[in-house]
Amino acid sequence: MQLFELTIHEARTLLEKGEITSVALTRAILDRITAVDSRVQAYLTVVADHALEQARAADEQWAEHRRTGGMTPPLLGIPMAIKDEICTRGVRTTAGSKILGNFVPPYNATVMEKLYAAGGILIGKTNQDEFAMGSSTENSRYFTTRNPWDLSRVPGGSSGGSASAVAADETIFALGTDTGGSVRQPAALTNTVGLRPTYGRVSRYGVVAFASSLDQVGPITKDVRDAATVLGVIAGHDSHEATSVNRPVPGYAAALSNKSIKDLRVGVPREYFIEGMQKGVESAVREAIRLLESLGATTQKVTLPHTDYALPTYYLLAPAEASANLARYDGVKYGYRLEESNEMWEVMRATRGEGFGPEVKRRIMLGTYALSTGYYDAYYLKAQKVRTLIKQDFDKAFEQVDVIVGPTSPSTAFKIGEKVDDPLQMYLADVFTLAQALAGIPTISFPCGFADGLPVGLQIMARAFDEERMLQVAYAYEQATEWHKRRPVIS
Ligand code: GLN
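Residue positions within a chain follow its written sequence, with the count starting from 1. Two thresholds apply to this predicted model, a pLDDT of at least 70 for residue-level local features and 80 or more for giving and counting side-chain atom pairs, whereas whole-chain, interface and lining totals are computed over all residues. Where side-chain values are given, they derive from all heavy atoms of the structure, hydrogens and water being excluded.

**Q** What's the story with empty space enclosed by the protein in this structure? I'm lost.
**A** Leftover empty space is mapped by rolling, across the atoms, a probe with the size of a water molecule. Of the two site types, the cavity is a set of points on a 1 Å grid over the protein atoms alone where a 1.4 Å probe fits but cannot get out, and the pocket is an open set with protein on both sides within 12 Å along at least five of seven lines, each lined by residues with an atom within 4 Å of a point. Grid points are joined across faces, edges and corners, and a volume is the space filled by probe spheres set on the points. The tally for this structure, following the rule as stated, stands at 3 cavities of 30 Å³ or more. In this structure, the largest cavity spans a volume of roughly 80 Å³. Forming the boundary of the largest cavity are 15 residues, of which A132, G134, S182, Y314 and D430 lie nearest the centre. Residues are grouped as follows: Ala, Val, Leu, Ile, Met, Phe, Trp, Tyr, Cys and Pro are nonpolar; Asp, Glu, Lys and Arg are charged; all remaining types, including Gly, are polar. Looking at the lining of the largest cavity residue by residue, the classes come out as 5 nonpolar, 8 polar and 2 charged. Empty space within the second largest cavity amounts to approximately 70 Å³. Around the second largest cavity, the lining residues are W149, V166, A167, T190, N191, T192, K222, H484, R486, R487 and P488. When the residues that make up the lining of the second largest cavity are grouped by side-chain class, the tally is 4 nonpolar, 4 polar and 3 charged.

**Q** Can you help me understand the packing of helix α10 (residues 310-325) against helix α13 (residues 376-400) in this one?
**A** The convention used is that axes are lines fitted to C-alpha atoms, helices contributing only their stretch in contact, and that angles between N-to-C directions extend from 0 to 180 degrees. Secondary structure elements are defined from DSSP: runs of H or I of at least 4 residues count as helices, runs of E of at least 2 residues count as strands, and each element is numbered from the N terminus. In the contact formed by α10 and α13, the axes pass within 9 Å of each other and the chain directions differ by 125°. Regarding the angle of α10 to α13, the classification is oblique. Every pair of crossing elements has a handedness; the one defined by α10 and α13 is left-handed. Residues A310, T313, L316, L317, A320 and E321 of α10 touch α13, and the partners they reach there are Y379, Y380, A383, Q384, V386, R387 and I390. Each residue belonging to the contact of α10 with α13 can be placed in one class, and the counts come to 9 nonpolar, 2 polar and 2 charged. For this classification, under 35 degrees means roughly parallel, over 145 means roughly antiparallel, 65 to 115 means roughly perpendicular, and everything else is oblique. Crossing handedness: left-handed means the near helix sits turned counterclockwise from the far one by under a right angle, and right-handed means the same turn made clockwise. Contacts between residues were defined by any pair of non-hydrogen atoms, one from each residue, lying within 4.5 Å.

**Q** I'm lost on the side chain of R32 in this one. Help?
**A** Along the chain, R32 falls in helix α2 (residues 22-40). With no salt bridge to any partner, buried R32 finds its closest opposite charge in D169, at an N-O distance of 4.5 Å. Here R32 is in contact with F4, D37, A168, D169, E170 and I490, once residues within four sequence places are set aside. The classification of residues rests on relative accessible area computed with a 1.4 Å probe and restricted to protein chains. Under 20% of the type maximum is buried, over 50% is exposed, and intermediate values are partly exposed. Only four residue types enter the tally: Lys and Arg on the positive side, Asp and Glu on the negative side; His and the chain ends are excluded. Within this document, salt bridges are pairs made up of a side-chain nitrogen of Lys or Arg and a carboxyl oxygen of Asp or Glu, the two lying within 4 Å of each other.

**Q** Even after reading the chapter, I still don't get the packing of helix α4 (residues 110-117) against helix α7 (residues 224-234), so can you show me in this structure?
**A** Each pair of packed helices can be summarised by the angle the axes make with each other and by the distance between the axes. Their axes nearest at 8 Å, the elements α4 and α7 cross at an angle of 115°. Comparing their axes, α7 and α4 come out roughly perpendicular. Between α4 and α7 lies a crossing of right-handed hand. Contacts between α4 and α7 pair V111, K114 and L115 from the former with V230, V233 and I234 from the latter. Grouping the amino acids of the contact of α4 with α7 by side-chain chemistry returns 5 nonpolar, no polar and 1 charged.

**Q** Looking at this structure, I do not really get a nonpolar patch on the surface. What am I missing?
**A** Every patch collects residues that have over 30% relative accessible area and no salt bridge, joining them within 9 Å if they carry like charges and within 5 Å if they are nonpolar side chains (Val, Leu, Ile, Met, Phe, Trp, Tyr). To measure how exposed things are, a 1.4 Å probe is used in the Shrake-Rupley method; for residues, cover is taken only from the protein chains shown. A cluster of nonpolar side chains, namely Y369, Y375 and Y379, defines an oily patch on the protein surface of about 290 Å² accessible area. For Y369, the location among the structural elements is in helix α12 (residues 358-371).

**Q** Is there a simple way to think about unusual backbone geometry in this case?
**A** Peptide bonds are, in most cases, trans, and in most cases residues other than glycine have a negative phi. With an omega of 5°, the peptide bond between G157 and S158 qualifies as cis. Here S158 lies in the loop between β3 (121-126) and α5 (160-167). Despite not being glycine, A132 shows a phi value in the positive range, around 70°. Structurally, A132 is set in the loop between β3 and α5.

**Q** Mind showing me how you'd approach the nonpolar core here?
**A** One recurring pattern in soluble globular proteins: nonpolar side chains tend to sit buried together. The term nonpolar core refers to a set of buried residues drawn from Ala, Val, Leu, Ile, Met, Phe, Trp, Tyr and Cys, joined through side-chain atoms within 4.5 Å. In terms of nonpolar packing, the biggest core is built from 142 residues, with L115, F131, F394 and I444 touching the most fellow members. The element contributing the most residues to this core is α10, with 8 residues. With residues near it in sequence (within four places) discarded, L115 still touches L75, M80, I82, G120, F173, L175, V230, V233 and I234.

**Q** Honestly, the site of the ligand in this entry has me stumped. Any pointers?
**A** To be near a molecule or strand, a residue needs just one of its heavy atoms within 4 Å of it. Taken together, 15 residues form the shell around the ligand, and within it A132, G180, S182, Y314 and R363 come nearest. For the purposes of these results, a polar contact is taken to be a pair of N or O atoms within 3.5 Å, where, inside protein, one atom must be able to donate a hydrogen and its partner to accept one; residues adjacent in sequence count only when each atom of the pair is a side-chain atom. G181 places a main-chain nitrogen or oxygen 3.2 Å from an oxygen atom of the ligand. The separation between an oxygen atom of the ligand and a polar side-chain atom of Y315 is 3.3 Å. Given that more than half its atoms are within 2 Å of the pocket grid, the ligand belongs to the largest cavity. Its residues placed into classes, the shell around the ligand shows 5 nonpolar, 7 polar and 3 charged. Put plainly, a molecule is in a cavity or pocket when over half of its atoms are within 2 Å of the grid points there.

**Q** Whenever I open this one, α4 confuses me. Can you help?
**A** Residues separated by three or four positions in an α-helix point in the same direction, a consequence of the helix having 3.6 residues per turn. Along α4, the positions that sit buried rather than exposed are T110, V111, M112 and L115. As for α4, its buried residues are in contact with β2 (79-83), β3, β4 (173-178), β6 (216-221) and α7. One or two positions beyond α4, positive phi appears at G119, with a value near 95°.

**Q** Would you take a moment to explain the packing of aromatic side chains for this structure?
**A** Two aromatic rings, taken as a pair, are described by how far apart their centres are and by the angle between their planes. Each pair of aromatic rings taken from Phe, Tyr and Trp, with Trp reduced to its six-membered ring, is defined by centres within 6.5 Å and is described as stacked if the planes are under 30 degrees apart, edge-to-face if over 60, and tilted in the remaining cases. This model, assessed by the stated rule, comprises 17 aromatic pairs. Look at Y314 and Y315: their rings are 4.8 Å apart centre to centre, the planes differ by 75°, and that puts the pair in the edge-to-face class. For the residue pair Y314 and Y315, the accessibility class agrees, reading buried in each case. Cluster of aromatic residues (ring-pair linked, three or more members): F103, F131, Y329, Y334 and F356. Only when the NZ of Lys or the CZ of Arg is both within 6 Å of the ring centre and within 35 degrees of the ring normal is a charge said to sit over the ring. A cation sits over an aromatic face here: R286 above F273, 4.1 Å from the ring centre. Sitting over the face of the ring of F414, K419 holds its NZ or CZ atom 4.8 Å from the ring centroid.

In structure tokens, the structure reads:
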């Protein structure tokens, strides 16, 4: 096995024993990037010197640990890739946009502070759809990331760079952000694990805001255990962030030792098996549900009757919030500025006109329209009410079952260019990942098979703050299968 193929827990065992060094591991990752990233195009920025410097410091800490014993932080010496939506002090953070093309944050996002404190080694920043708006990375203002399983296909989005970096072994793990599926859908399309935490579980301080009532940060990893480990590091209260919830962080990784899912009640919502979904996806998902049954879970049908409304609701609320959040990019305070004249409005108009790409402009216009006088009640307010109904669907279902299972994406990875000119088709890629975000509940996507040679993802949804249970189910499934071990041949 090559060093770059290791998971967090495998690498940690070897680092602990002194069988490998963090410098060697970091070099292996950097070499891997050199070997494949010109084809995969996962990274916007690679910080090799910074990474090696951190790795040397981690090796000293490991050496010290071997001399004197004691605890070591959970990610000590482990390379990581971070979505460019997340502020990294001293390292350019573009959010995939030209308007932040020259933005070097003077501070770290809270999740970055936590990862650094846990010993993580920053390798670089990953590509994404501009401001996390998209499902394919084709909306990046820089380039399109490729799916390592088939370079002519998208990796999903918006955290496609992070997912491809993990799938192509160009990092040990990554962070993404998920507003309506951007961690889970790319994970499903690349045979990786993606976890969206409960709203409020992880701080968004220092994360470029898209739609603040929906945005969450989540790990993309090679297996479920690693997802539990990273979630344990990044979760927790943050006094800088008003929506972050003050509640103890359970030992997510430790909770996995309870492997039995006997008598666990698993809900199967009929609304998640729709006309038009890819046949191979449906059969892989149904097969996975049968496996959960054979592991002792009891499945039962549940209904989430407002599922159909998740898409229109999301595509009103998310753009409405985005139109407000993106008002700050005016060429005055920071970021890109196009100075065509001395007149203030002219500078703003030119800066925003150039700085934002077409999808971002579309969302700002949709959102502004939905919030404008006369339309607010008909669109924005109505959508808020439907959001409540969607949340109540889950509340009711969770009275009967412990977790809910379904496909992550209606199809496997699509071709680059296939949907890019048809925004509605692109939005449909998210049909199964929007409702959980609107309801604020946690969901994990993990590998459950292949259809026509391309990965399929399964989602497990849980009650708010019940990430432990969700992880246990995913882990039980993973222990009984080998899908997550498959690696793409990058050609
Ligand atoms: N694809 C969805 C969108 O375009 C979700 C994106 C996300 O979760 N950031 O809004």
